[in-house]
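Chain by chain, the residues run as shown.
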Amino acid sequence: MIKMNNIVKRFDNHTVLSDVTFEVKEKEIFGLLGPSGAGKTTIINILTNQLKSDSGSHEINVIPFETGLMLDEDGLYVRLSCIENLDVFACIYGIPRKKSMEALKSVGLIGAEKKPVSALSRGMRQRLAFARAILHSPKILFLDEPTSGLDPGTAQGIHEIIQNLRKNGATIFLTTHNMEEAVKLCDKVALLHKGRIVEQGAPAEICERHHAFKTVPDLESVFIKMTGMDVQ
Ligand SMILES: Nc1ncnc2c1ncn2[C@@H]1O[C@H](COP(=O)(O)OP(=O)(O)O)[C@@H](O)[C@H]1O
Ligand SMILES: [Mg+2]
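Since we're looking at a predicted model, the values are computed, not measured.

### Observations regarding the environment of Lys 115
Then comes step 1: Within the element layout of this structure, Lys 115 appears in the loop between helix H3 (98-106) and helix H4 (122-134).
Then comes step 2: Taking C-alpha positions, Lys 115 is 6.1 Å from Cys 82, a pair spaced 33 residues apart along the chain.
Then comes step 3: In contact with Lys 115, not counting residues within four places along its chain, are Ser 81, Cys 82 and Leu 120.

### Focus on unusual backbone geometry
Then comes step 1: Despite not being glycine, Lys 27 shows a phi value in the positive range, around 65°.
Then comes step 2: With respect to the helices, strands and loops of the structure, Lys 27 is situated in the loop between strand E2 (14-24) and strand E3 (29-33).
Then comes step 3: On the basis of neighbour count, Lys 27 is assigned to the partly exposed category, with 16 C-beta atoms found within 10 Å.
Then comes step 4: Look at His 211: it is not a glycine, yet its phi comes out positive at around 55°.
Then comes step 5: Mapped onto the secondary structure, His 211 falls in the loop between helix H7 (203-209) and helix H8 (219-227).

### Considering the site of ligand 1
Then comes step 1: Near ligand 1, the surroundings consist of Phe 11, Val 16, Gly 34, Ser 36, Gly 37, Ala 38, Gly 39, Lys 40, Thr 41 and Thr 42.
Then comes step 2: Examining the composition of the shell around ligand 1, we find that three residues originate from one element, helix H1 (residues 40-47), more than from any other.
Then comes step 3: The residue inventory of the shell around ligand 1, partitioned by class, reads three nonpolar, six polar and one charged.

### Topic: the nonpolar core
Then comes step 1: The biggest cluster of nonpolar side chains holds 62 residues, and the ones touching the most others in it are Leu 33, Ala 131, Leu 141, Ile 172 and Leu 219.
Then comes step 2: Contact partners of Leu 33, with chain neighbours within four places excluded, come to Thr 176, His 177, Met 179, Ala 182, Val 189, Ala 190, Leu 191, Leu 192 and Val 231.

Rules behind the numbers
- Residues numbered from 1 in each chain as written.
- Chains lettered and ligands numbered in written order.
- Predicted model: local features only at pLDDT ≥ 70, side-chain atom pairs only at ≥ 80, totals over all residues.
- Helix = DSSP H or I, 4+ residues; strand = E, 2+ residues; numbered from the N terminus.
- Contact = placed C-beta atoms within 7 Å.
- Buried ≥ 20, exposed ≤ 12 C-beta atoms within 10 Å, placed from the backbone.
- Near = placed C-beta within 6 Å.
- Nonpolar A, V, L, I, M, F, W, Y, C, P; charged D, E, K, R; others polar.
- Core = buried A, V, L, I, M, F, W, Y, C linked by C-beta atoms within 7 Å.

Below is the structure:
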């Protein structure tokens, strides 16, 4: 569904991605894991054609309309209400406005539809940004740090939405620096350090390979072993 082959990206003379290769299959939840500055957002920007790589290739097996994107900055219209924020996009996509209400419902924001974004909590904003990303029922969803800065309860809500979307047939590509989240949600992960993938595979498989499997897979210690660094 998504492929990157030997991608290299430089900003000026600084190489931020070196030889990045991975593949995401249909209906997988794929997690790109790494600390701040590792190159996660740059990979999403290349996959969604917002940035050009210097060499290598990438492909996505759906048309652009069938992809949804939630960036690390939510880009919501703060003076508009929740429902108005979604209606703007329903209009752009040419889909019925009842889809806006459906999306709000799926993220648990019914009741807040008339509230202006400026009056929402951080968790509610994040859920609204999520609703906007899934409004047109995309087949592939890119989520850049979808739970960063959220309390555990709100993050759990987002995890459930992600799992439901996958049940309904979506392929999900997410970035995170939360190893526990990755183990819980992802079928496959790639550990990214300074623009290089140092390990990839199913979390349990990676942890077994590195003898980091006590009661649960311990990706954190694999990351430290591979890079000498803590992911936080
Ligand atoms: N537009 C840009 N110009 C120059 N350097 C950039 C630009 N965007 C990102 N970088 C650099 O690329 C590296 C990777 O950034 P990024 O992909 O945002 O990492 P992450 O999302 O993992 O935190 C960082 O060192 C960052 O400073
Ligand atoms: Mg980022």
